[in-house]
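Given next are the chains, with one letter for each unit.
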2 protein chains.
Amino acid sequence: MTDLREMGERAVAAKAQLQTLHAGERTRGLMAAADALLQNAETILKENNTDMENAVRNGMNPGLQDRLRLTAERICDMAEGLRQVAGLPDPVGEVMQEMTRPNGLQIRKVRVPLGVVGMIYEARPNVTADAFGLCFKTGNAVILKGGSDALHSNAAIVKVLRGALEKEGISPDALQLIADTDRQVTVAFMKLKEYVDVLIPRGSKRLIQSVVENSTIPVIETGTGNCHIYVDAAADVDMAVKIICNAKTQRVGVCNACESLLVHGDIRERLLPKLAEALAPKSVELRGDRRVKEVLPDCTDATQEDYGREYLDYILSIKTVDSTEEAVAHIGRYGTRHSECIVTEDEKAAEKFLNGTDAACVYWNASTRFTDGFEFGFGAEIGISTQKLHARGPMGPRELTTYKYIICGDGQIRG
Amino acid sequence: MTDLREMGERAVAAKAQLQTLHAGERTRGLMAAADALLQNAETILKENNTDMENAVRNGMNPGLQDRLRLTAERICDMAEGLRQVAGLPDPVGEVMQEMTRPNGLQIRKVRVPLGVVGMIYEARPNVTADAFGLCFKTGNAVILKGGSDALHSNAAIVKVLRGALEKEGISPDALQLIADTDRQVTVAFMKLKEYVDVLIPRGSKRLIQSVVENSTIPVIETGTGNCHIYVDAAADVDMAVKIICNAKTQRVGVCNACESLLVHGDIRERLLPKLAEALAPKSVELRGDRRVKEVLPDCTDATQEDYGREYLDYILSIKTVDSTEEAVAHIGRYGTRHSECIVTEDEKAAEKFLNGTDAACVYWNASTRFTDGFEFGFGAEIGISTQKLHARGPMGPRELTTYKYIICGDGQIRG
């Protein structure tokens, strides 16, 4: 069985070494890691093939198989991802605030790495390299627990990355993988508070729920997105149709896809037929309330349960509301605080919606699909936070840091 | 039994109203609350008297009795505290970042209230008013669970504050108290994730531990402080003695008091006799290792357990180390990431210590007692965070906020 405490000790030791590395040394480590992925692509593909064979044998569904599968091109993307992260601005060491107190004490608030980051995720081997990249970039040691179905792939990737670090004279324990499929080990990992500073789960609602319930380590929740678009009475109908189609269908399996449409009663007759027509080529199933069905008789009945679901599929629930307030209240009840949008030409309604809606990202006349580290100009992201502590929305390098106060005196004591 | 879900619903409704208040209205609410405390001092004192009688009957220790006791002067201090908070800069609405993307999307990162704050604390009625003040200042609704021993006092204070809000036309549910002494209710409160955005425990290590283990709400840990002073070989001995005496004895029962001294082997013969002499008038018990005892034969033996203790008393553990690295490693093992200090004239040693020590506040040649919202110039604080997520060190109004991204477009969709 995995000795988690020993892994914790190793991570803490690696953390101490990482703190002594300059930004240039960290960049070199990332470049070496990228090269190593390319040089060892064949080995990684071979191990991934073992995972894929098991997946097929176990009847994994095609969508998950696609996430698990690596190709030469995908390994190139992983390497390219590491190079891009290497090129991002370095947040570590930034002086966030500086002041001299009346007693002469000099106080500096300085950005520092979080320390040891834990990540629990599902069967997506690319997350292994991505998570390492962002954590290493920001001077953090990382312990990964990936999905069991990807164990061979992850072990191969981690071995290659650790080898690259070692060649650069950097402790390979900056990256460790829990190569264990026992659920008890995962739960024990969630309680490794003595060594791990933050735990980031990435994956299904169920995975995140389990981490929230079991972890004693501070958690950053990511990813569940029941995102709404509210089409106000004063919306530009053509713009609304365009935004809804994009947010719903540009990529259905992602957390910032639109799952639910709120339509103002006064605009439903103008909006819904056009929308149904626009969504028809993608075979999106529409599930609406009574007033929606008055306009779209072929629409399925929406249940209360529908309004709370993140479909990640070609399905859209539709509810009629009679005011911005009602839309905001509905989102307060069913939303997951991810990305919420209003389409309107009425500035007052927009302001009410943007201020009143409690979410990481609130949109006015734009697709929710823009909630993404790259789209925001932050570069890579380790996830999209849906909680309010520490980080909200796309989490890039800066969100993998904390700060400390450095206080310099010449003998000051408190009176 | 307390209906926690109903309290949660009320808090969420109050939160929505708080979001519509301007800074001036929140200031007026705080001033009215301060006035109301003074006007109702007699009632509050009477209820506190009931708590005090019970405490005496139950044999509460004198230190805790002192924390529980209210006087006319202490109520004045509580009111004055609210007025000071009213006068602090308002962090809500601050635009933290603003950018226009190449596609024309305008993204603003704006500071907003956390929403609903939960606080669990012990028998200190002044925390009731303080916590309300900072939460209300920053547009947060708050649900308090104070120590059972202070129940009458807390209920009286909360009733007065709620009355003041109501008179100002503000929802009194901005402040709610769980007036229940059943531990099951407290544990259920820790799982009220649907309504409460952050839970801040304030009090003993045991209380904080229980919250960390039971809560599904994101927690900010506060307060446990096993703070060290490391006296380097190159220290100014007189300065070191002055700083240690202040950090140990200026107020022994607080989290930023010094609990443990690390002394470089080369300076122990010059430092320790002077230190023992300086601490003698305060009867501080010294517990040292073998090499300390060589210099101070009367010193008690320090055990491994001593190095891990937060005494909050007139006791100081002393350990000999032979390098800054050893001091940093010892603090890494026994420290609580609160406040740590090096005394030295050697800039290189100081830099090594300040960078290498993982704590909210790291000091060079100054007393650890300065870790305090007022001393840092932040005004009042709701606690001192010893974790790394969200906030570290003194938590003032700014640390009771989060942010959201507001994204405005004119129909942008993702390609």
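Residues numbered from 1 in each chain as written. Chains lettered and ligands numbered in written order. Predicted model: local features only at pLDDT ≥ 70, side-chain atom pairs only at ≥ 80, totals over all residues. Heavy atoms only, no water.

Points about the state of the cysteines
All names here are of chain A. As enumerated under the stated definition, the model contains 0 disulfides over all chains in all. Free of any disulfide, C245 has its nearest neighbouring cysteine sulfur in C258, separated by 10 Å. A relative accessible area of 14% means that C245 is categorised as buried. (Disulfide = S-S within 2.5 Å. Buried < 20%, exposed > 50% of the residue type's maximum accessible area, 1.4 Å probe, protein only.)

A closer look at helix α5 (residues 72-87) of chain B
Residue and element names in this part refer to chain B. Across its 16 residues, α5 extends 23 Å between first and last C-alpha, which sits within 8% of the 22 Å expected from 1.5 Å per residue. Along α5, the positions that sit buried rather than exposed are I75, M78, A79, L82, V85 and A86. With its buried residues spanning 120° around the axis, α5 presents them on a single face. Along α5, exposed side chains directed more than 90 degrees from the buried face belong to E73 and G87. Buried positions along α5 lie against α2 (23-39), α3 (41-57), α6 (125-137) and α7 (151-167). (Helix = DSSP H or I, 4+ residues; strand = E, 2+ residues; numbered from the N terminus. Expected span 1.5 Å × (residues − 1). Arc of directions from axis to C-beta. Contact = heavy atoms within 4.5 Å.)

Thoughts on the packing of helix α10 (residues 237-249) of chain B against helix α11 (residues 268-279) of chain B
Residue and element names in this part refer to chain B. As a packed pair, α10 and α11 sit with axes 10 Å apart at the nearest point and diverge in direction by 40°. As judged from the angle between their axes, α10 and α11 are oblique. Pair α10 / α11 crosses with right-handed handedness. Mapping the contact onto sequence places V237, D238, A240, V241, I244, C245 and T249 in α10 and R270, L271, K274, L275, A278 and L279 in α11. Of the residues assigned to the contact of α10 with α11, the class counts are 9 nonpolar, 1 polar and 3 charged. (Axes fitted to C-alpha atoms, helices over the stretch in contact; angles between N-to-C directions. Parallel < 35°, antiparallel > 145°, perpendicular 65-115°, else oblique. Left-handed = near helix turned anticlockwise from the far one by under 90°. Nonpolar A, V, L, I, M, F, W, Y, C, P; charged D, E, K, R; others polar.)

Things to note about the sheet that holds strand β3 (residues 116-121) of chain A
Residues and elements named next belong to chain A. The parallel open sheet is built from 4 strands, whose spatial order is β5-β4-β3-β6. The two strands at the open ends of the sheet, each matched to only one other strand, are β5 (175-177) and β6 (198-202). The mean angle between the axes of side-by-side strands here comes to 20°, regardless of whether they run parallel or antiparallel. Bridge count between β3 and strand β4 (residues 141-145): 5 bridges; the pairing is parallel. Residue pairing in the sheet places M119 in a bridge with L144 of β4. Those strands touched by helix α1 (residues 4-19) are β3, β4 and β5, and its axis lies near 145° from that of β4. Helix-sheet contacts for helix α9 (residues 205-214) involve β3 and β6, and the interaxial angle to β6 is about 160°. (Pairing = 2+ DSSP bridges.)

Brief notes about unusual backbone geometry
One non-glycine residue with positive phi stands out, namely H390 of chain A, at about 75°. Along the chain, H390 of chain A falls in the loop between β14 (383-385) and β15 (393-395). A positive phi angle is found at R337 of chain B, which is not glycine, with a value near 65°. Mapped onto the secondary structure, R337 of chain B falls in the loop between α14 (324-334) and β12 (339-343). Residue class for R337 of chain B comes out partly exposed when judged on its relative accessible area of 24%.

Quick look at the environment of V284 of chain B
Residues and elements named next belong to chain B. By the element assignment, V284 lies in the loop between α11 and β9 (285-288). As for V284 and G409, which are separated by 125 residues in sequence, their C-alpha atoms are 66 Å apart. V284 has contacts with K248, T249, L279, Y314, I315 and L316, leaving out every residue within four places of it along the chain.

Examining the pairing of strand β12 (residues 339-343) of chain A
Residue and element names in this part refer to chain A. Summarising burial for β12: 5 of the 5 residues are buried, a large majority. Side chains S339, C341 and V343 of β12 all project onto a buried face; the interleaved residues E340 and I342 project onto the opposite face, where all are buried too. As defined by bridge partners, strand β7 (residues 227-231) adjoins β12 across 4 bridges and the pair is classed as parallel. Within β12, the residue paired with V231 across the bridge is V343. As defined by bridge partners, β12 adjoins strand β13 (residues 361-366) across 4 bridges and the pair is classed as parallel. In the sheet register, C341 faces β13, and the bridge partner there is Y363. Once you follow β12 into helix α15 (residues 347-356) and on to β13, the crossover reads as right-handed. (Right-handed = clockwise from strand over helix to strand, strands pointing away.)

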